[in-house]
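Now for the letters of each chain:
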Amino acid sequence: MLRLQNVYKKFGDNVVLNNVSLDVNQGDVVAILGPSGSGKTTLLRCAGYLTKADSGTLILDDRQYDMKKISSRDLREYRQKVGFVFQNFNLYGNKTALGNVTLGLRVSQKMPKAQAEEIGKSLLERVGLADRMDYYPSKLSGGQQQRVAIARALATNPEVVFFDEPTSALDPELTGEVLNVIKQLADEGWTMLVVTHEMEFAKKVATRVVFMEDGEIVEENNAKEFFENPQKERTKEFIFKSTTWASTAKKDDSGDNSTKQETIES
Amino acid sequence: MTERILTELVESFWKLFMVGLKVTIPLTLAAFSTGLLIAFLVALVQIAKVPVMRRLVRVYIWIIRCTPMIVQLFVVYFGLPTIGIKFSSFVSAWLVMSLSIGAYCSETVRAAIESVPVGQLEACYCDGLTFWQAMIHVIVPQALRTAFPPLSNSIIGLVKDTSLAYSVALVEILATAQRIAARTYDYFWLYLEAGLIYLIFCSVLTVLQRKAEAALERRR
Ligand SMILES: Nc1ncnc2c1ncn2[C@@H]1O[C@H](COP(=O)(O)OP(=O)(O)OP(=O)(O)O)[C@@H](O)[C@H]1O
Ligand SMILES: [Mg+2]
């Protein structure tokens, strides 16, 4: 349904995305994992046209878009079909929670106020914020802000929603409420591309996992296979290191596969 | 102070006050609103990096900032007619003061716009908004809030600067005081009274500024 083809991006001399290709099927929840600086954010930003790729093609619903150059008309059409959730929320400071969710509908789609608010209210209810509709972002906790941002991303009823580390800016005790909302969306069948460092989340919610390093996709598999049976050495190492600090600290780093998998399963 | 002077001052107070209401305040409001519009356009041209225009506005800011306002007034009111362009005193003052506010406030406005996190602009793009729609609905309203205190200072400064229009034959507060005093020779008292009128107008603005700031603070 969504297909990224040969996405290439350089910052100066630094090749950040080296011909990355990725297919996302309807209903897929794709978790993108990888060490810091591997190009995950850049890939997502290119797919959301927030950064122009140097080359690459994007196909969504049989419509093909050039990732380097796009007409403003195509861009408008494309943006209605995708939603974007940022690491640091980026809520509009001058709008209430409801205003944040409805702005795109009202301004970009010229939807009448009443209709936009009806959609906005039902979305805020779905993310558990029925009682916070009139709050300004500065009066909301980080977890609440991110849930408003998720509702905002869903407002146009997009085909795919991109998440860039949606819980990284949150205090640990607030990540749960956001991950629960994303899980709920997954259960409802939304198609999502989620960059995350939350291994448990990737394991439990993702249908597929993509592992990136140095601007390339190193390994890609369905979630179960990816964690239970990683193919590449690098992937094994990453999974091992990313599962709880305690487990790495306790065991020596001989990389004994059987003990490692017990840790992961538990 | 004699009784004569006292009666005269009470009488002239209302004259000066009315001139303030009818000339100084309208000039201030007209010049400030036009100037603010210019300031926003100039700031946005620079932020959006509109080619050519962004260079032109730098030249404009440079000229306005580095020449005295009274010289600008003279050029417009006494100079332009020699090449066939004639403006009334009020229009000359309005023009010059708008351009001045536009130049000085554009930097304030630009800093305020740039203080809104760029992520909000990106979120607008994701919401399908264009650059200008994002500016109007999200960025500028927040920038205005940040720029509000320095802009209030500018408007208070402008109330006082309107007295410069005296030099291009505008009958504003100072000119009126001067005319009355020329008849009675009570320069000391009348100029003091003119100062008092400015003090009153600017104090009212200061109070309004505080109220507005509190109201803005509640809405976020
Ligand atoms: N605007 C930019 N200008 C120059 N270099 C950039 C820019 N954005 C990212 N980079 C570089 O591109 C590389 C990939 O960055 P990116 O943010 O995509 O990584 P990431 O996988 O999201 O990392 P993290 O897990 O830390 O978020 C990094 O080396 C980074 O320094
Ligand atoms: Mg990142």
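Residues numbered from 1 in each chain as written. Chains lettered and ligands numbered in written order. Predicted model: local features only at pLDDT ≥ 70, side-chain atom pairs only at ≥ 80, totals over all residues. Heavy atoms only, no water.

Broken down by element type, chain A carries 11 helices and 10 strands. Its C-alpha atoms give chain A a radius of gyration of 19 Å, within 12% of the compact-globule value 18 Å for 266 residues. Projected onto its principal axes, the C-alpha positions of chain A cover 60 × 40 × 30 Å. Of all 266 residues assigned to chain A, the portion counted as buried reaches 54%. Expressed as a percentage of contacts within chain A between residues at least 6 apart in sequence, the contacts between residues at least 24 apart total 63%. Summed over its atoms, the accessible surface of chain A is roughly 12000 Å², and 44% of this surface lies on carbon and sulfur atoms. When the 35 positive and 38 negative side-chain charges of chain A are each reduced to one mean point, those points stand 7 Å apart. (Helix = DSSP H or I, 4+ residues; strand = E, 2+ residues; numbered from the N terminus. Rg over C-alpha atoms; globule rule 2.2 N^0.38 Å. Buried < 20%, exposed > 50% of the residue type's maximum accessible area, 1.4 Å probe, protein only. Contact = heavy atoms within 4.5 Å. Areas by Shrake-Rupley, 256 points an atom, 1.4 Å probe, with all protein chains shown as cover. Lys, Arg positive; Asp, Glu negative; His and termini not counted. Charge placed at Lys NZ, Arg CZ, Asp CG, Glu CD.)

Residue and element names in this part refer to chain B. When we look at burial in helix H3 (residues 69–79), the residues that qualify are Met69, Gln72, Leu73, Val76 and Tyr77. With its buried residues spanning 110° around the axis, H3 presents them on a single face. Looking at the buried side of H3, the elements it contacts are helix H2 (53–65), helix H4 (89–114) and helix H6 (131–161). (Arc of directions from axis to C-beta.)

To continue, consider the site of ligand 1. Residue and element names in this part refer to chain A. Taken together, 13 residues lie near ligand 1, and Ser36, Gly37, Lys40, Thr41 and Thr42 sit nearest. Within the backbone of Gly39, one N or O atom sits 3.0 Å away from an oxygen atom of ligand 1. Contact with the protein chains hides 59% of the accessible area of ligand 1, taken as 640 Å² for the molecule alone. Only strand S2 (14–24) and helix H1 (40–47) provide two or more residues apiece to the shell around ligand 1. A per-element tally of the shell around ligand 1 places H1 first, with 3 residues. Each residue belonging to the shell around ligand 1 can be placed in one class, and the counts come to 3 nonpolar, 8 polar and 2 charged. (Near = heavy atom within 4 Å. Polar contact = N/O pair within 3.5 Å; in protein donor to acceptor, adjacent residues only side chain to side chain. Nonpolar A, V, L, I, M, F, W, Y, C, P; charged D, E, K, R; others polar.)

Glancing now at the interface of chain B and chain A. Contacts between chain B and chain A engage 17 residues on the former and 22 residues on the latter. Together chain B and chain A conceal approximately 1800 Å² of surface at their shared face, both sides included; 53% is due to carbon and sulfur atoms. There are 1 salt bridge connecting chain B and chain A. When the shortest N-O distance is used, the salt bridge between Arg45 of chain A and Glu122 of chain B registers 2.8 Å. Linking chain B with chain A are 12 residue pairs in polar contact (both at pLDDT 80 or more), by the criterion used here. Listing elements by their share of the side of chain B that touches chain A, those giving two or more residues are helix H5 (118–126) and H6 of chain B. Residue contributions to the side of chain B that touches chain A peak at 7 residues, all from H5 of chain B. Class assignment of the residues belonging to the side of chain B that touches chain A gives a composition of 7 nonpolar, 6 polar and 4 charged. (Buried area = accessible area lost by both parts, 1.4 Å probe. Salt bridge = Lys/Arg side-chain N within 4 Å of Asp/Glu carboxyl O.)

The next subject is the domain arrangement of chain A. All names here are of chain A. Domain assignment breaks chain A into domain 1 (2–93 + 139–223) and domain 2 (232–266). Residue-level contacts link 9 residues of domain 1 with 8 residues of domain 2. For the pair domain 1 and domain 2, the two sides together bury roughly 800 Å², of which 63% comes from carbon and sulfur. Inspection of the domain 1/domain 2 interface yields 1 salt bridge. Here Glu213 ties to Arg234 by a salt bridge, and the two come within 2.7 Å at their closest N and O atoms. Across the contact surface, domain 1 and domain 2 share 4 residue pairs in polar contact (both at pLDDT 80 or more). (Domains from an automatic or database assignment.)

Below, the discussion takes up the pairing of strand S9 (residues 208–213) of chain A. Residues in a regular strand point their side chains to alternate faces of the sheet. All names here are of chain A. Most of S9 is tucked away: 6 of the 6 residues are buried. Here S9 shows no split at all, with Arg208, Val210 and Met212 on one side and Val209, Phe211 and Glu213 on the other all buried. In the sheet, strand S3 (residues 29–33) pairs with S9 via 4 bridges, with the strands oriented parallel. Residue Val30 lies in a different strand from S9, and its bridge partner there is Arg208. Examined bridge by bridge, S9 and strand S10 (residues 216–222) share 6 bridges and lie antiparallel to one another. Residue pairing for S10: Phe211 is matched across the bridge by Glu219. The antiparallel hairpin formed by S9 and S10 contains 2 residues in its connecting segment, where Asp214 sits at a positive phi of about 45°. (Pairing = 2+ DSSP bridges.)

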